[in-house]
Amino acid sequence: MNVGDTEIVVSVMQQEGYVYTDNIEEADVILINTCSIRDNAEQRIWGRLTDLKRYRRAKPGLVIGIIGCMAERLKEKLVEGPYGVDIVSGPDAYRDLPRLVRGAEAGGKGINVLLSTEETYAEIAPVRLDRNGVSAFVAIMRGCNNFCSYCVVPYTRGRERSRDPQTIVSEARTLFENGYREVTLLGQNVNSYKAGDVGFPELMQRVAAISPLLRVRFATSHPKDISDGLLEVMASMPNICRAIHLPAQSGSTSMLGRMNRKYTREWYLDRVAAIRRYLPDCGITTDLIAGFSGETEEEHAQTLSLMREVGYDFAFMFKYSERPGTYAEKHLPDDVPDEVKSQRLSEIIALQNELGHASNLRDVDSEFEVLVEGTSKRDKNQLSGRTSQNKVVVFDRGGHNVGDYVRVRITGCTPATLFGEEIV
Ligand code: 5AD
Ligand code: SF4
(Lines give C-alpha, C1' and ligand atoms only; values in the text may rest on other atoms or scores of the structure.)
(Ligands and ions follow the chains in the order given, each with its own letter.)
Protein backbone atom coordinates (compact mmCIF):
# COMPACT_ATOMS: atom_id res chain seq x y z
CA MET A 1 0.00 0.00 0.00
CA ASN A 2 2.81 2.40 0.82
CA VAL A 3 4.57 1.66 -2.48
CA GLY A 4 1.28 2.49 -4.20
CA ASP A 5 0.89 5.67 -2.16
CA THR A 6 4.44 6.75 -2.95
CA GLU A 7 3.60 6.45 -6.66
CA ILE A 8 0.64 8.78 -6.10
CA VAL A 9 2.82 11.25 -4.21
CA VAL A 10 5.37 11.30 -7.04
CA SER A 11 2.55 11.96 -9.50
CA VAL A 12 1.18 14.85 -7.40
CA MET A 13 4.66 16.39 -7.11
CA GLN A 14 5.43 15.96 -10.82
CA GLN A 15 2.28 17.84 -11.76
CA GLU A 16 3.76 20.79 -9.90
CA GLY A 17 7.07 20.56 -11.73
CA TYR A 18 9.09 18.52 -9.24
CA VAL A 19 11.22 15.70 -10.68
CA TYR A 20 11.72 12.31 -9.04
CA THR A 21 15.24 11.08 -8.37
CA ASP A 22 16.39 7.85 -6.83
CA ASN A 23 19.73 9.40 -5.99
CA ILE A 24 19.34 10.89 -2.53
CA GLU A 25 22.44 13.12 -2.92
CA GLU A 26 20.62 14.95 -5.69
CA ALA A 27 17.34 15.50 -3.85
CA ASP A 28 16.17 18.93 -2.70
CA VAL A 29 13.10 17.41 -1.06
CA ILE A 30 13.10 14.09 0.79
CA LEU A 31 9.74 12.62 1.73
CA ILE A 32 9.78 9.49 3.88
CA ASN A 33 6.66 7.38 3.58
CA THR A 34 6.14 5.67 6.91
CA CYS A 35 4.38 2.75 8.58
CA SER A 36 3.14 2.62 12.19
CA ILE A 37 1.93 -0.94 12.32
CA ARG A 38 4.60 -2.07 14.78
CA ASP A 39 7.00 -0.10 16.92
CA ASN A 40 10.05 -1.40 15.02
CA ALA A 41 8.71 0.14 11.79
CA GLU A 42 8.72 3.52 13.55
CA GLN A 43 12.13 2.92 15.11
CA ARG A 44 13.59 2.46 11.64
CA ILE A 45 12.24 5.88 10.66
CA TRP A 46 13.90 7.53 13.66
CA GLY A 47 17.13 5.88 12.54
CA ARG A 48 16.62 7.18 9.01
CA LEU A 49 16.01 10.71 10.28
CA THR A 50 19.28 10.56 12.20
CA ASP A 51 21.09 9.50 9.00
CA LEU A 52 19.53 12.38 7.09
CA LYS A 53 21.20 14.95 9.34
CA ARG A 54 24.36 14.73 7.24
CA TYR A 55 22.44 15.57 4.04
CA ARG A 56 20.97 18.54 5.81
CA ARG A 57 24.45 19.73 6.80
CA ALA A 58 25.62 19.35 3.19
CA LYS A 59 22.58 21.16 1.78
CA PRO A 60 21.08 23.69 4.19
CA GLY A 61 17.92 24.31 2.12
CA LEU A 62 16.99 20.62 2.09
CA VAL A 63 13.31 19.95 2.83
CA ILE A 64 12.56 16.80 4.84
CA GLY A 65 9.03 15.48 5.21
CA ILE A 66 7.43 12.59 7.03
CA ILE A 67 4.34 11.28 5.29
CA GLY A 68 1.96 8.38 5.87
CA CYS A 69 0.84 6.63 9.03
CA MET A 70 3.58 7.81 11.39
CA ALA A 71 2.84 11.38 10.30
CA GLU A 72 -0.82 10.83 11.07
CA ARG A 73 -0.06 9.30 14.46
CA LEU A 74 2.54 11.78 15.76
CA LYS A 75 1.42 14.97 13.98
CA GLU A 76 3.19 18.15 15.21
CA LYS A 77 5.38 16.12 17.56
CA LEU A 78 7.48 15.31 14.49
CA VAL A 79 8.12 18.96 13.68
CA GLU A 80 8.81 19.87 17.29
CA GLY A 81 11.35 17.08 17.82
CA PRO A 82 15.13 17.31 17.37
CA TYR A 83 15.16 15.87 13.86
CA GLY A 84 14.44 18.96 11.81
CA VAL A 85 11.36 17.62 10.04
CA ASP A 86 9.81 20.38 7.89
CA ILE A 87 6.66 18.71 6.61
CA VAL A 88 4.15 16.30 8.08
CA SER A 89 1.45 14.87 5.82
CA GLY A 90 -1.07 12.15 6.68
CA PRO A 91 -2.23 9.57 4.12
CA ASP A 92 -5.24 11.62 3.00
CA ALA A 93 -3.36 14.92 2.54
CA TYR A 94 -1.03 14.11 -0.36
CA ARG A 95 -2.73 16.54 -2.74
CA ASP A 96 -1.60 19.29 -0.39
CA LEU A 97 2.08 18.26 -0.51
CA PRO A 98 3.22 20.74 -3.18
CA ARG A 99 1.84 23.59 -1.07
CA LEU A 100 3.47 22.21 2.07
CA VAL A 101 6.79 21.80 0.25
CA ARG A 102 6.69 25.35 -1.12
CA GLY A 103 6.02 26.63 2.38
CA ALA A 104 9.00 24.70 3.68
CA GLU A 105 11.19 25.97 0.84
CA ALA A 106 10.30 29.45 2.04
CA GLY A 107 11.54 28.52 5.50
CA GLY A 108 8.26 27.51 7.14
CA LYS A 109 6.93 24.28 8.55
CA GLY A 110 3.85 22.54 7.14
CA ILE A 111 1.45 20.08 8.67
CA ASN A 112 -1.66 18.52 7.17
CA VAL A 113 -2.99 15.45 8.92
CA LEU A 114 -6.68 15.81 8.06
CA LEU A 115 -8.30 12.46 7.41
CA SER A 116 -11.00 12.31 4.78
CA THR A 117 -14.04 10.11 4.31
CA GLU A 118 -13.83 10.49 0.52
CA GLU A 119 -10.24 10.82 -0.71
CA THR A 120 -9.26 7.89 -2.97
CA TYR A 121 -6.87 9.75 -5.33
CA ALA A 122 -9.12 8.19 -7.97
CA GLU A 123 -8.07 10.22 -10.99
CA ILE A 124 -4.38 10.60 -10.14
CA ALA A 125 -2.26 8.46 -12.46
CA PRO A 126 0.47 6.93 -10.27
CA VAL A 127 4.02 7.27 -11.57
CA ARG A 128 5.27 3.66 -11.61
CA LEU A 129 8.55 3.40 -9.77
CA ASP A 130 9.14 -0.31 -10.22
CA ARG A 131 11.65 -1.18 -12.90
CA ASN A 132 10.27 -4.42 -14.29
CA GLY A 133 7.31 -2.90 -16.12
CA VAL A 134 5.35 -6.13 -15.65
CA SER A 135 3.42 -5.93 -12.40
CA ALA A 136 1.79 -2.92 -10.80
CA PHE A 137 -0.32 -2.04 -7.78
CA VAL A 138 -3.73 -0.45 -8.18
CA ALA A 139 -5.33 0.90 -5.00
CA ILE A 140 -9.08 0.25 -5.00
CA MET A 141 -10.05 1.30 -1.52
CA ARG A 142 -8.50 3.05 1.45
CA GLY A 143 -8.95 2.99 5.20
CA CYS A 144 -10.32 0.35 7.54
CA ASN A 145 -13.44 0.04 9.68
CA ASN A 146 -12.57 -3.22 11.39
CA PHE A 147 -10.86 -1.95 14.53
CA CYS A 148 -9.00 -5.12 15.40
CA SER A 149 -8.09 -4.35 19.00
CA TYR A 150 -4.30 -4.42 18.44
CA CYS A 151 -4.23 -2.37 15.24
CA VAL A 152 -3.42 1.29 14.63
CA VAL A 153 -4.52 1.35 10.97
CA PRO A 154 -8.13 2.53 11.49
CA TYR A 155 -6.69 5.52 13.40
CA THR A 156 -3.91 6.39 10.95
CA ARG A 157 -5.70 5.71 7.67
CA GLY A 158 -9.25 6.60 8.62
CA ARG A 159 -12.56 5.18 7.46
CA GLU A 160 -13.14 2.82 4.57
CA ARG A 161 -13.94 4.30 1.19
CA SER A 162 -13.96 2.74 -2.26
CA ARG A 163 -12.65 4.18 -5.49
CA ASP A 164 -14.87 4.60 -8.52
CA PRO A 165 -14.77 1.35 -10.56
CA GLN A 166 -14.40 3.08 -13.95
CA THR A 167 -11.18 4.76 -12.88
CA ILE A 168 -9.85 1.41 -11.62
CA VAL A 169 -10.68 -0.43 -14.83
CA SER A 170 -9.25 2.31 -17.00
CA GLU A 171 -6.03 2.45 -14.96
CA ALA A 172 -5.65 -1.34 -15.28
CA ARG A 173 -6.38 -1.18 -19.03
CA THR A 174 -3.75 1.53 -19.54
CA LEU A 175 -1.25 -0.60 -17.65
CA PHE A 176 -2.03 -3.58 -19.88
CA GLU A 177 -1.69 -1.46 -23.03
CA ASN A 178 1.70 -0.28 -21.76
CA GLY A 179 2.96 -3.84 -21.48
CA TYR A 180 2.08 -4.65 -17.87
CA ARG A 181 0.86 -8.22 -17.38
CA GLU A 182 -0.17 -8.23 -13.74
CA VAL A 183 -2.14 -5.90 -11.49
CA THR A 184 -2.58 -6.30 -7.75
CA LEU A 185 -5.75 -4.64 -6.47
CA LEU A 186 -4.96 -3.17 -3.10
CA GLY A 187 -6.90 -2.26 -0.01
CA GLN A 188 -6.80 -2.82 3.75
CA ASN A 189 -9.84 -5.02 3.27
CA VAL A 190 -10.59 -5.51 -0.42
CA ASN A 191 -13.68 -7.64 0.16
CA SER A 192 -15.40 -4.58 1.64
CA TYR A 193 -15.05 -2.79 -1.70
CA LYS A 194 -18.38 -1.18 -2.58
CA ALA A 195 -18.90 1.68 -5.01
CA GLY A 196 -22.58 2.26 -5.82
CA ASP A 197 -23.84 -1.20 -6.69
CA VAL A 198 -20.43 -2.58 -7.70
CA GLY A 199 -18.99 -4.95 -5.10
CA PHE A 200 -15.59 -6.64 -5.06
CA PRO A 201 -16.50 -9.79 -7.06
CA GLU A 202 -17.93 -7.66 -9.86
CA LEU A 203 -14.93 -5.34 -9.84
CA MET A 204 -12.61 -8.36 -10.11
CA GLN A 205 -14.63 -9.64 -13.03
CA ARG A 206 -14.40 -6.30 -14.83
CA VAL A 207 -10.65 -5.98 -14.32
CA ALA A 208 -9.99 -9.60 -15.29
CA ALA A 209 -12.10 -9.13 -18.45
CA ILE A 210 -9.59 -6.56 -19.80
CA SER A 211 -7.53 -9.43 -21.25
CA PRO A 212 -6.90 -13.10 -20.49
CA LEU A 213 -3.22 -12.11 -20.60
CA LEU A 214 -3.59 -9.77 -17.64
CA ARG A 215 -3.09 -11.48 -14.30
CA VAL A 216 -5.14 -10.08 -11.45
CA ARG A 217 -4.22 -10.40 -7.78
CA PHE A 218 -5.63 -8.75 -4.68
CA ALA A 219 -4.60 -8.03 -1.11
CA THR A 220 -5.73 -8.18 1.60
CA SER A 221 -8.86 -10.15 2.40
CA HIS A 222 -10.50 -10.18 5.79
CA PRO A 223 -11.65 -13.74 6.59
CA LYS A 224 -15.00 -12.51 7.90
CA ASP A 225 -16.16 -11.56 4.43
CA ILE A 226 -14.44 -13.76 1.89
CA SER A 227 -17.60 -14.88 0.15
CA ASP A 228 -18.56 -17.82 -2.02
CA GLY A 229 -19.55 -15.22 -4.64
CA LEU A 230 -15.95 -14.03 -4.86
CA LEU A 231 -14.60 -17.59 -5.01
CA GLU A 232 -17.04 -18.37 -7.85
CA VAL A 233 -15.80 -15.39 -9.86
CA MET A 234 -12.21 -16.47 -9.25
CA ALA A 235 -12.96 -20.03 -10.34
CA SER A 236 -14.59 -18.77 -13.55
CA MET A 237 -11.61 -16.65 -14.67
CA PRO A 238 -8.24 -18.38 -14.99
CA ASN A 239 -6.33 -15.09 -15.13
CA ILE A 240 -7.42 -14.26 -11.56
CA CYS A 241 -4.48 -15.67 -9.67
CA ARG A 242 -4.81 -18.77 -7.53
CA ALA A 243 -3.48 -17.06 -4.44
CA ILE A 244 -5.35 -15.78 -1.42
CA HIS A 245 -3.72 -13.94 1.44
CA LEU A 246 -6.01 -14.61 4.39
CA PRO A 247 -4.61 -13.21 7.64
CA ALA A 248 -5.63 -15.50 10.49
CA GLN A 249 -3.68 -13.64 13.26
CA SER A 250 -4.40 -16.53 15.67
CA GLY A 251 -5.78 -20.06 15.63
CA SER A 252 -7.62 -19.68 18.92
CA THR A 253 -11.26 -18.60 19.06
CA SER A 254 -10.88 -17.00 22.51
CA MET A 255 -7.86 -15.03 21.28
CA LEU A 256 -9.68 -14.00 18.09
CA GLY A 257 -12.41 -12.64 20.36
CA ARG A 258 -9.92 -10.47 22.29
CA MET A 259 -8.46 -9.36 18.98
CA ASN A 260 -11.95 -8.32 17.80
CA ARG A 261 -11.45 -10.26 14.58
CA LYS A 262 -15.19 -11.09 14.29
CA TYR A 263 -14.70 -14.74 13.32
CA THR A 264 -13.89 -18.01 15.06
CA ARG A 265 -11.34 -20.72 14.27
CA GLU A 266 -14.20 -22.80 12.85
CA TRP A 267 -15.38 -19.97 10.60
CA TYR A 268 -11.85 -19.47 9.34
CA LEU A 269 -11.43 -23.17 8.59
CA ASP A 270 -14.80 -23.20 6.84
CA ARG A 271 -13.55 -20.40 4.55
CA VAL A 272 -10.34 -22.32 3.86
CA ALA A 273 -12.47 -25.38 2.98
CA ALA A 274 -14.53 -23.19 0.61
CA ILE A 275 -11.34 -21.94 -1.07
CA ARG A 276 -10.13 -25.53 -1.53
CA ARG A 277 -13.53 -26.52 -2.94
CA TYR A 278 -13.74 -23.73 -5.54
CA LEU A 279 -10.01 -23.42 -6.25
CA PRO A 280 -8.25 -26.71 -5.50
CA ASP A 281 -4.87 -25.38 -6.64
CA CYS A 282 -5.04 -22.08 -4.73
CA GLY A 283 -2.08 -20.91 -2.65
CA ILE A 284 -3.08 -19.74 0.83
CA THR A 285 -0.87 -17.39 2.84
CA THR A 286 -1.42 -15.61 6.12
CA ASP A 287 -0.35 -13.17 8.84
CA LEU A 288 0.13 -14.35 12.43
CA ILE A 289 0.75 -12.48 15.67
CA ALA A 290 2.57 -14.13 18.61
CA GLY A 291 2.06 -13.04 22.20
CA PHE A 292 -0.98 -10.77 22.09
CA SER A 293 -2.58 -9.79 25.40
CA GLY A 294 -3.28 -12.72 27.73
CA GLU A 295 -2.12 -15.35 25.24
CA THR A 296 -1.96 -18.73 27.02
CA GLU A 297 0.16 -21.73 26.04
CA GLU A 298 -3.05 -23.40 24.91
CA GLU A 299 -3.98 -20.47 22.65
CA HIS A 300 -0.49 -20.47 21.16
CA ALA A 301 -0.75 -24.23 20.56
CA GLN A 302 -4.02 -23.56 18.71
CA THR A 303 -2.17 -21.21 16.34
CA LEU A 304 0.40 -23.92 15.60
CA SER A 305 -2.37 -26.45 15.02
CA LEU A 306 -4.23 -24.07 12.68
CA MET A 307 -1.04 -23.62 10.68
CA ARG A 308 -0.69 -27.40 10.30
CA GLU A 309 -4.34 -27.83 9.45
CA VAL A 310 -4.28 -25.20 6.69
CA GLY A 311 -0.73 -25.98 5.50
CA TYR A 312 0.12 -22.39 4.62
CA ASP A 313 2.37 -21.81 1.65
CA PHE A 314 3.82 -18.68 3.22
CA ALA A 315 3.24 -16.45 6.24
CA PHE A 316 4.19 -13.04 7.62
CA MET A 317 4.80 -13.61 11.33
CA PHE A 318 5.06 -10.95 14.01
CA LYS A 319 5.57 -10.42 17.69
CA TYR A 320 2.75 -8.38 19.19
CA SER A 321 3.73 -4.74 19.49
CA GLU A 322 1.47 -2.52 21.58
CA ARG A 323 0.35 0.56 19.66
CA PRO A 324 -0.67 3.80 21.38
CA GLY A 325 -4.33 4.73 21.05
CA THR A 326 -5.64 1.26 20.20
CA TYR A 327 -8.34 -0.54 22.18
CA ALA A 328 -5.73 -3.05 23.37
CA GLU A 329 -3.42 -0.34 24.65
CA LYS A 330 -6.27 1.04 26.73
CA HIS A 331 -7.97 -2.17 27.90
CA LEU A 332 -5.88 -5.30 27.25
CA PRO A 333 -2.52 -5.41 29.02
CA ASP A 334 0.62 -6.26 27.05
CA ASP A 335 1.34 -8.97 29.58
CA VAL A 336 3.13 -11.75 27.70
CA PRO A 337 6.83 -11.44 28.67
CA ASP A 338 9.11 -10.58 25.76
CA GLU A 339 11.07 -13.86 26.06
CA VAL A 340 7.81 -15.80 25.80
CA LYS A 341 6.73 -13.79 22.75
CA SER A 342 10.11 -14.47 21.12
CA GLN A 343 9.95 -18.17 21.95
CA ARG A 344 6.45 -18.49 20.49
CA LEU A 345 7.36 -16.48 17.41
CA SER A 346 10.36 -18.73 16.78
CA GLU A 347 8.15 -21.83 17.08
CA ILE A 348 5.74 -20.29 14.57
CA ILE A 349 8.58 -19.42 12.18
CA ALA A 350 10.15 -22.89 12.47
CA LEU A 351 6.83 -24.54 11.71
CA GLN A 352 6.17 -22.23 8.76
CA ASN A 353 9.60 -23.02 7.32
CA GLU A 354 8.63 -26.67 7.43
CA LEU A 355 5.21 -26.04 5.88
CA GLY A 356 6.62 -23.78 3.16
CA HIS A 357 9.23 -26.34 2.23
CA ALA A 358 6.62 -29.12 2.16
CA SER A 359 4.45 -26.91 -0.07
CA ASN A 360 7.36 -26.41 -2.48
CA LEU A 361 8.18 -30.13 -2.49
CA ARG A 362 4.57 -30.87 -3.48
CA ASP A 363 5.08 -28.72 -6.60
CA VAL A 364 8.06 -30.71 -7.87
CA ASP A 365 7.17 -32.48 -11.14
CA SER A 366 4.09 -30.27 -11.65
CA GLU A 367 3.62 -27.78 -14.46
CA PHE A 368 2.94 -24.06 -14.03
CA GLU A 369 2.54 -21.01 -16.20
CA VAL A 370 5.17 -18.53 -15.07
CA LEU A 371 5.05 -14.79 -15.75
CA VAL A 372 8.64 -13.63 -16.16
CA GLU A 373 9.46 -10.67 -13.89
CA GLY A 374 13.21 -10.37 -14.19
CA THR A 375 16.62 -11.90 -14.54
CA SER A 376 17.72 -14.16 -11.71
CA LYS A 377 19.91 -12.35 -9.18
CA ARG A 378 22.49 -15.15 -9.18
CA ASP A 379 22.80 -15.93 -12.89
CA LYS A 380 21.94 -13.65 -15.78
CA ASN A 381 21.29 -16.64 -18.02
CA GLN A 382 18.32 -17.48 -15.83
CA LEU A 383 14.97 -15.79 -15.51
CA SER A 384 12.79 -15.48 -12.48
CA GLY A 385 9.03 -15.22 -12.43
CA ARG A 386 5.96 -16.25 -10.50
CA THR A 387 3.32 -18.90 -10.72
CA SER A 388 -0.34 -18.01 -10.40
CA GLN A 389 0.04 -19.21 -6.78
CA ASN A 390 2.61 -16.43 -6.31
CA LYS A 391 5.66 -18.68 -5.89
CA VAL A 392 8.99 -17.64 -7.38
CA VAL A 393 10.40 -19.96 -10.08
CA VAL A 394 13.91 -19.72 -11.56
CA PHE A 395 14.64 -21.34 -14.93
CA ASP A 396 16.96 -21.08 -17.97
CA ARG A 397 16.33 -18.02 -20.08
CA GLY A 398 15.84 -19.80 -23.41
CA GLY A 399 14.63 -17.14 -25.83
CA HIS A 400 12.40 -15.43 -23.27
CA ASN A 401 12.13 -11.94 -21.89
CA VAL A 402 10.55 -10.09 -19.01
CA GLY A 403 6.76 -10.03 -19.44
CA ASP A 404 6.53 -13.41 -21.25
CA TYR A 405 4.40 -16.29 -20.06
CA VAL A 406 6.37 -19.54 -20.02
CA ARG A 407 5.13 -23.06 -19.24
CA VAL A 408 7.55 -24.61 -16.82
CA ARG A 409 7.92 -28.00 -15.13
CA ILE A 410 9.28 -27.82 -11.58
CA THR A 411 12.45 -29.87 -11.24
CA GLY A 412 13.55 -29.00 -7.70
CA CYS A 413 13.27 -26.50 -4.88
CA THR A 414 14.75 -24.91 -1.82
CA PRO A 415 12.49 -23.82 1.08
CA ALA A 416 12.13 -20.41 -0.64
CA THR A 417 12.41 -20.98 -4.41
CA LEU A 418 11.25 -23.37 -7.09
CA PHE A 419 13.55 -24.36 -9.96
CA GLY A 420 12.10 -25.40 -13.28
CA GLU A 421 12.62 -26.05 -16.95
CA GLU A 422 10.62 -24.80 -19.87
CA ILE A 423 8.22 -27.28 -21.38
CA VAL A 424 8.75 -27.23 -25.15
N1 5AD B 1 1.61 -5.93 16.54
C2 5AD B 1 2.07 -6.92 15.73
N3 5AD B 1 1.59 -7.15 14.50
C4 5AD B 1 0.57 -6.38 14.06
N5 5AD B 1 -0.12 -6.37 12.91
C6 5AD B 1 -1.03 -5.38 12.95
N7 5AD B 1 -0.95 -4.73 14.13
C8 5AD B 1 0.04 -5.33 14.83
C9 5AD B 1 0.60 -5.12 16.12
N10 5AD B 1 0.14 -4.15 16.93
C11 5AD B 1 0.12 -7.33 11.83
C12 5AD B 1 -1.14 -8.13 11.50
C13 5AD B 1 -1.56 -7.57 10.17
C14 5AD B 1 -0.23 -7.19 9.57
C15 5AD B 1 -0.30 -6.22 8.44
O16 5AD B 1 0.49 -6.65 10.66
O17 5AD B 1 -0.76 -9.49 11.36
O18 5AD B 1 -2.27 -8.49 9.38
FE1 SF4 C 1 -5.75 -3.55 11.12
FE2 SF4 C 1 -7.71 -5.35 11.40
FE3 SF4 C 1 -8.02 -3.27 9.68
FE4 SF4 C 1 -6.27 -5.27 9.10
S5 SF4 C 1 -8.52 -5.47 9.29
S6 SF4 C 1 -5.91 -3.03 8.93
S7 SF4 C 1 -5.50 -5.81 11.15
S8 SF4 C 1 -7.85 -3.14 11.92
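Residues numbered from 1 in each chain as written. Chains lettered and ligands numbered in written order. Predicted model: local features only at pLDDT ≥ 70, side-chain atom pairs only at ≥ 80, totals over all residues. Heavy atoms only, no water.

A. Spotlight on the overall build of the protein chain. Along the protein chain, the regular secondary structure elements total 14 helices and 19 strands. Computed over the C-alpha atoms, the radius of gyration of the protein chain is 22 Å, within 12% of the 22 Å expected from 2.2 N^0.38 for a compact globule of 424 residues. A principal-axis box enclosing the C-alpha atoms of the protein chain has dimensions of 65 × 55 × 45 Å. In the protein chain, which comprises 424 residues, the proportion classed as buried is 53%. For the protein chain, the share of sequence-separated contacts (at least 6 apart) that also reach a separation of at least 24 residues comes to 71%. (Helix = DSSP H or I, 4+ residues; strand = E, 2+ residues; numbered from the N terminus. Rg over C-alpha atoms; globule rule 2.2 N^0.38 Å. Buried < 20%, exposed > 50% of the residue type's maximum accessible area, 1.4 Å probe, protein only. Contact = heavy atoms within 4.5 Å.)

B. Highlighting the packing of aromatic side chains. According to the stated counting rule, one finds eight aromatic pairs in the structure shown. Relative to Phe 316, the ring of Phe 314 has its centre 5.0 Å away and its plane inclined at 85 degrees; by these criteria the two rings are edge-to-face. On the accessibility criterion, Phe 314 (43% relative accessible area) is partly exposed. Taken together through their ring pairs, the aromatic side chains of Tyr 150, Phe 292 and Tyr 320 make up a single cluster. Lying over the aromatic face of Phe 318, Arg 38 brings its terminal NZ or CZ to 3.5 Å of the ring centre. We note Arg 271 situated over the ring of Trp 267; from NZ or CZ to the ring centre the distance is 5.7 Å. (Phe/Tyr/Trp six-rings, centres within 6.5 Å; stacked < 30°, edge-to-face > 60°. Lys NZ or Arg CZ within 6 Å of the ring centre and 35° of its normal.)

C. Representation of the nonpolar core within the structure. Of all hydrophobic cores here, the largest spans 68 residues; its most connected members are Leu 185, Phe 200, Val 207 and Ile 244. For Val 207, the contacting residues outside a window of four places in its chain are Ile 168, Val 169, Ala 172, Val 183, Leu 185, Leu 214 and Val 216. Of all hydrophobic cores here, the second largest spans 18 residues; its members include Leu 49, Met 70, Ala 71 and Leu 74. (Core = buried A, V, L, I, M, F, W, Y, C linked by side-chain atoms within 4.5 Å.)

D. Up close: the environment of Leu 383. Residue placement: Leu 383 occurs in strand S16 (residues 382-386). Take Leu 383: its relative accessible area is 0%, and that puts it in the buried class. When the C-alpha atoms of Leu 383 and Val 393 are compared, they prove to be 8.2 Å apart, with 10 residues separating the residues in sequence. Each residue touching Leu 383, except ones within four places of it in the same chain, is listed here: Val 372, Gly 374, Thr 375, Ser 376, Val 393, Val 394, Phe 395, Arg 397, His 400 and Asn 401.

E. Looking closely at the site of ligand 1. The environment of ligand 1 is made up of Ile 37, Arg 38, Tyr 150, Gln 249, Asp 287, Ile 289, Phe 318, Lys 319, Tyr 320, Ser 321 and Arg 323. With respect to ligand 1, the backbone of Tyr 150 contributes an N or O atom lying 3.1 Å from a nitrogen atom. At 2.7 Å, a backbone N or O of Ser 321 approaches a nitrogen atom of ligand 1. Compared with its free state, where it exposes 410 Å², ligand 1 has 87% of that area covered by protein. If you list the elements that add at least two residues to the shell around ligand 1, you get strand S13 (283-290) and strand S14 (314-319). For the shell around ligand 1, the residue count by class is five nonpolar, two polar and four charged. (Near = heavy atom within 4 Å. Polar contact = N/O pair within 3.5 Å; in protein donor to acceptor, adjacent residues only side chain to side chain. Areas by Shrake-Rupley, 256 points an atom, 1.4 Å probe, with all protein chains shown as cover. Nonpolar A, V, L, I, M, F, W, Y, C, P; charged D, E, K, R; others polar.)

F. Region of the structure containing the domain arrangement of the protein chain. According to the domain assignment, the protein chain consists of domain 1 (2-112), domain 2 (135-362) and domain 3 (367-422). When each unit is reduced to the centre of its C-alpha atoms, the spacing between domain 1 and domain 2 is 29 Å. Facing the 15 residues of domain 1 at the interface are 14 residues of domain 2. For the pair domain 1 and domain 2, the summed buried area comes to about 1,300 Å², and 52% of that belongs to carbon and sulfur atoms. Of all residues in domain 1, Ile 37, Arg 38 and Arg 73 bury the most surface against domain 2, accounting for 36% of the area lost on that side. For the pair domain 1 and domain 2, the interface holds six salt bridges. Measuring nitrogen to oxygen at the nearest pair gives 4.0 Å for the salt bridge that ties Arg 323 to Asp 39. The tally of links from domain 1 across to domain 2 stands at seven residue pairs in polar contact (both at pLDDT 80 or more). (Domains from an automatic or database assignment. Buried area = accessible area lost by both parts, 1.4 Å probe. Salt bridge = Lys/Arg side-chain N within 4 Å of Asp/Glu carboxyl O.)

G. A nonpolar patch on the surface, seen in detail. There is a patch of nonpolar side chains on the surface, built from Phe 147, Tyr 155 and Tyr 327 and spanning about 290 Å² of accessible area. Structurally, Phe 147 can be placed in the loop between strand S6 (141-142) and helix H6 (153-157). (Patch = residues over 30% accessible without salt bridge, like charges linked within 9 Å, V, L, I, M, F, W, Y side chains within 5 Å.)

H. View of the pattern of salt bridges. One pass over the full model with this rule turns up 32 salt bridges. A salt bridge links Asp 86 to Arg 56, with the shortest nitrogen-to-oxygen separation between them at 3.3 Å. Remark: Arg 56 occurs in helix H2 (residues 39-58) and Asp 86 occurs in the loop between helix H4 (77-80) and strand S3 (87-89); sequence separation between them is 30 residues. Owing to a relative accessible area of 9%, Asp 86 belongs among the buried residues under this scheme. The salt bridge involving Arg 161 is made with Asp 92; its shortest N-O contact spans 2.9 Å. On the criterion of sequence distance, the pair formed by Arg 161 in strand S7 (residues 161-162) and Asp 92 in the loop between S3 and helix H5 (97-105) is long-range, its members being 69 residues apart. In this pair, the class of Arg 161 matches that of Asp 92, namely buried.

I. Geometry of the sheet that holds S13. Ordered by their spatial adjacency, three strands build an open sheet running S12-S13-S14, and the pairing between neighbours is parallel. Sheet topology places strand S12 (243-245) and S14 at the edges, where each strand pairs with a single neighbour. On average, each strand axis in the sheet is tilted by 10 degrees relative to the strand beside it, whichever way the strands run. Pairing analysis gives six bridges linking S13 to S14, with the strands arranged parallel. Bridge pairing in S14 links Leu 288 to Met 317. Its contacts with the sheet put helix H14 (residues 338-363) on S13 and S14, and the angle it makes with S14 is roughly 175 degrees. (Pairing = 2+ DSSP bridges. Axes fitted to C-alpha atoms, helices over the stretch in contact; angles between N-to-C directions.)

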